[in-house]
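Secondary and tertiary structure notes
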Amino acid sequence: MASITTRTTCPYCGVGCGVLATPQADGSVSIAGDPDHPANFGRLCSKGSALGETLSLDGRLLYPEIDGVRASWDQALDRVAGTFRQTIDEFGPDAVAIFGSGQLLTEDYYVANKLMKGFIGSGNMDTNSRLCMASSVAGHKRAFGSDTVPGNYEDLELADLIVLVGSNLGWCHPVLYQRIVKAKAERPDMRVVLIDPRRTVTADIADLHLAVQSDGDSALFVGLLAHLARNGMTAPDFIADHTSGYNAALLVAEDWPVERVAEAAGVPAKAVEILYDWFGRTEKVVTVYSQGVNQSSSGTDKVNAIINCHLATGRIGRPGMGPFSVTGQPNAMGGREVGGLANMLAAHMDFTPEAIDRVGRFWGSSTVASGPGLKAVDMFAAIARGEIKAVWIMATNPVDSMPEADAVRAALAACPFVVVSDMSARTDTGVTAHVRLPAAGWGEKDGTVTNSERRISRQRPFLALPGEARPDWWIIKEVAQRMGFGAAFSYDGPAQIFAEHVALSAFENEGSRSLDLGGLDGADYATLPPTQWPVRRKPTARMFGDGHFSTPDGKARFVPVLPPPPFAPPPGRFMLNTGRVRDHWHTMTRTGKTARLSAHYAEPFVELHPADAERLNIRRATLVRLNNRHGSAVVRALVTDRQRRGHLFVPMHWTDQFASNGRIDALVTAKVDPVSSQPALKMAEVHAEPVDTRLYGFFVSANRPVLDAGYWAIAEAIGGIRGELAWFEEPTDLATWLRTAFDLPDTATVETVRDARSGRSSFAVIEDGRLVVALYTAPDPVLVSRQWAADLLEADDLGAVAVLAGRPGADMPDSGAIVCSCFSVGINTIAAAITQQGCSTVEAVGACTKAGTNCGSCRAEIRGIINARGLQAAE
Ligand code: SF4
């Protein structure tokens, strides 16, 4: 039977790449980029390319559960509806809440929002998008009168200057990064400026990198406004005709000359001058900003400081120019469109009396919420205080991703009623749930998502629903009907919900709201092509190019911005920054299932500057304890001068499912931006110290162990599991520990060698020539090649000697640590291409090894390896 290919959309980042998914006869699914999708034109990054490897049912929640026991859907839905109804009757509608996610499809989001704000009558529906881009939403609304992204991806290729602010595009939005790389190669005059405390891989394409201190970017843009005015680089006619508030904003900015800006930003004045000169003289400028701007206690002001500069120059909504917020999540934009944020009602309408009346008439409800609900941080604080007594968490993992995550866990543990809808059986949040509902996953779900450039794309199913999993919209409407709201929730599928969303966006709109999808009324949902909104009023790829904005007077508003005072941790403390790595997504419930994506970084780590490491006596690859009054974490030291002195970086991904103590958001203070209520996830104050470690270990095993050690971190390997270990006290009998941890039968033989001089030991259990488990221990970090050891899991006819040796023999070469995840190319393979085959460019290495030839996210690392080899040769 011929394979059928489905056009769908990647479920990870906000680029929103089109994907072609083709189920194969053997049950696998082949994945390719959709060449016709305008977001990616066929490209995919490492995460997108590996989507087919995340679809196994291993770890899936397949049946409803009540109090940890399998239940029928009727029992579970009745329990949720009944408890919510009872709680509302007893304590009022604000005693319940929904916490959603940018992973939900627009249709799921729409039904959840309608239930909470339209019929339960509370504003208590917020989402993890609050953690992601709420400051961009607030900044857009202050400046434009609506949450509208003016530009599109093509502008990144048309720009002569791209300013990347707080954005590691190379890892977090890799396909956009590759579009810029290609454009820059074709137009050598194109310039890129990176503003980021870290020298990330994105610096590889930067002509100028300003390694600002935390929140130093605010002063840069405030000073830029003054510089533009001082040097006659503004657009006076545009300012006069299409904006208001310019003089007030400039008055504040004039106090920020270059020297003061440089000091506040922590960068050389010369670098500030270059940025200002390039920005002032270049007409086609796009300023791209992401979580480095948003996840700050002054994030909204930063957004407006950036927008101010584009308004002052009239560079907005025209080809190759404009401020551009790139969203983190696949459907953060769709959630914003339906009203998934607690301060929005629906379809980009706020809680004004007119909007409440309009939406109430449209939905046929007299109980529409009268005002905003609690935003994420306040919502979990209200749960902790016992004011919210029933909460429904959908497709997100707040026990790991919220600031002060330990307090969030404690709040949920004490909450009288917690419902979790998720596709994963094992999550840190799911542990706290009274009712767990199995939700459909990517490949099973049917609906739409909106990407960072306002493009609505279809996520289409190509797999049957497994077990008793159901789509989120179905689960929510079933609960709504059981709560007595049946008529308003009689949906038969996502097409009907989407049609209602379209109709609401156009309802009594007449051009008064920029979100007007009326042009999609009657569109064929099944075949809907990727479509940018607005549709009815003026189908356009760009907004505001005509100088007309969504404010009552049609003018954009400047916002006076005063940079925040420099924030430096007290002596002995570090500024902790959190963020993403290249190959993992959020809390790893999907990317953690693939060996390929788990190979690049297989455990939680902290990047710290060599001078800081030396001062604290922290050696490379040893363990570091980070702590503050909120919590602690133990992570691997990654000593690098990519990091500023006094600053640390730890990825956000690791949970209790993958590491003993890697939940970094437990250490982040729940301090929020005063306008957007977005938490400052990149600015925690922490103490760092080396961990007194007696013994380090590394293992590979065919089966998942239960580990009892001071430190552990596990990752998927092909054919099994790999893991890091450490003991903080001398273990007594490792052979016995091994038997217990890996549940070995009494008949299993544990082969052992020990080098008394070095203190290193190796343990191997082999059955019928196949490896069951190999463990290597040493007083220092274990030097065994991880990739070679992981490859042992696939080897046949293994002998104990080969495993116990702890290093590759001639018959089993070691490809080294994985650099290119797309093609699993290791550092040793790349090094050999350079030294033995004379490859001296990234392209040549790619031609020899395929490394860097798919998504290209590893090209900067390959260039670094080439440069290092060149230096070695010169020495
Ligand atoms: S850039 Fe990667 S993660 Fe983002 S949508 Fe595209 S394929 Fe998915």
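This text gives an overview of the structure that appears in the document. (Residues numbered from 1 in each chain as written. Predicted model: local features only at pLDDT ≥ 70, side-chain atom pairs only at ≥ 80, totals over all residues. Heavy atoms only, no water.)

**Notes on the overall build of the protein chain**
Check the secondary structure of the protein chain and you find 29 helices and 34 strands. Against the 2.2 N^0.38 benchmark of 29 Å for 875 residues, the protein chain shows a C-alpha radius of gyration of 27 Å, consistent with a compact globule. Its C-alpha atoms put the protein chain at 80 × 65 × 60 Å along the principal axes. Considering the protein chain as a whole, with its 875 residues, one finds that 64% of them fall into the buried category. Restricting to contacts in the protein chain with at least 6 residues of sequence separation, those with at least 24 account for 72%. For the protein chain, the computed accessible surface area is about 30600 Å², with 50% contributed by carbon and sulfur atoms. In the protein chain, 83 side chains carry a positive charge and 97 a negative one; their mean positions are 3 Å apart. (Helix = DSSP H or I, 4+ residues; strand = E, 2+ residues; numbered from the N terminus. Rg over C-alpha atoms; globule rule 2.2 N^0.38 Å. Buried < 20%, exposed > 50% of the residue type's maximum accessible area, 1.4 Å probe, protein only. Contact = heavy atoms within 4.5 Å. Areas by Shrake-Rupley, 256 points an atom, 1.4 Å probe, with all protein chains shown as cover. Lys, Arg positive; Asp, Glu negative; His and termini not counted. Charge placed at Lys NZ, Arg CZ, Asp CG, Glu CD.)

**Side note on the nonpolar core**
Within the largest apolar cluster, 62 residues are counted, with the highest numbers of intra-cluster contacts made by Phe84 and Trp392. At eight residues, helix H3 (residues 106–120) tops the list of elements feeding residues into this core. With 57 residues, the next largest nonpolar core counts Ala143, Leu250, Tyr289 and Phe544 among its residues. (Core = buried A, V, L, I, M, F, W, Y, C linked by side-chain atoms within 4.5 Å.)

**Looking at the pattern of salt bridges**
Scanning the model with the defined rule gives 55 salt bridges in all. For Glu186, the salt bridge is made with Lys182, and the minimal N-O distance between the two is 3.0 Å. In this pair, Glu186 and Lys182 are both assigned in helix H7 (residues 174–186), four residues apart and thus about one turn of the helix distant. Relative accessible area serves as the criterion here: at 55%, Glu186 is assigned to the exposed category. Taking the relative accessible area as the measure of exposure, Lys182 reaches 44% and is therefore partly exposed. Lys270 is the partner of Glu273 in a salt bridge, and the nearest nitrogen-oxygen pair spans 4.0 Å. Of the two residues, Glu273 and Lys270 are both situated in helix H12 (residues 269–281); the distance of three residues between them amounts to about one turn of the helix. (Salt bridge = Lys/Arg side-chain N within 4 Å of Asp/Glu carboxyl O.)

**Concerning the packing of aromatic side chains**
Think of a pair of aromatic rings as described by two things: how far the centres are apart, and how the planes are tilted against each other in angle. Across all of its chains, the model carries 22 aromatic pairs by this definition. Here the aromatic rings of Phe119 and Phe489 are separated by 5.3 Å at their centres, their planes lie at 70 degrees, and the arrangement is edge-to-face. Here Phe119 is found in helix H3, whereas its partner Phe489 is found in the loop between helix H20 (472–482) and helix H21 (494–506), with 370 residues between them in sequence. Taken as a pair, Phe119 and Phe489 share a single burial class, namely buried. Taken together, Phe119, Phe485, Phe489 and Tyr491 form an aromatic cluster joined through their ring pairs. (Phe/Tyr/Trp six-rings, centres within 6.5 Å; stacked < 30°, edge-to-face > 60°.)

**Comments concerning the pairing of strand E17 (residues 447–450)**
Here E17 shows a buried face lined by Gly447 and Val449 and a second buried face lined by Thr448 and Thr450. The pairing of E17 with strand E18 (residues 455–459) spans four bridges and is classified as antiparallel. Counted as the bridge partner of Gly447 is Gln459 from E18. The hairpin turn running from E17 into E18, its antiparallel successor, is four residues long, and Arg454 in that turn takes a positive phi close to 65 degrees. (Pairing = 2+ DSSP bridges.)

**Thoughts on the site of the ligand**
Around the ligand, a shell composed of Cys10, Tyr12, Cys13, Val15, Gly16, Cys17, Leu44, Cys45, Lys47, Gly48, Pro174 and Val175 is seen. Going through the elements one at a time, helix H1 (46–49) and H7 are the ones with two or more residues in the shell around the ligand. Broken down by class, the residue content of the shell around the ligand amounts to nine nonpolar, two polar and one charged. (Near = heavy atom within 4 Å. Nonpolar A, V, L, I, M, F, W, Y, C, P; charged D, E, K, R; others polar.)

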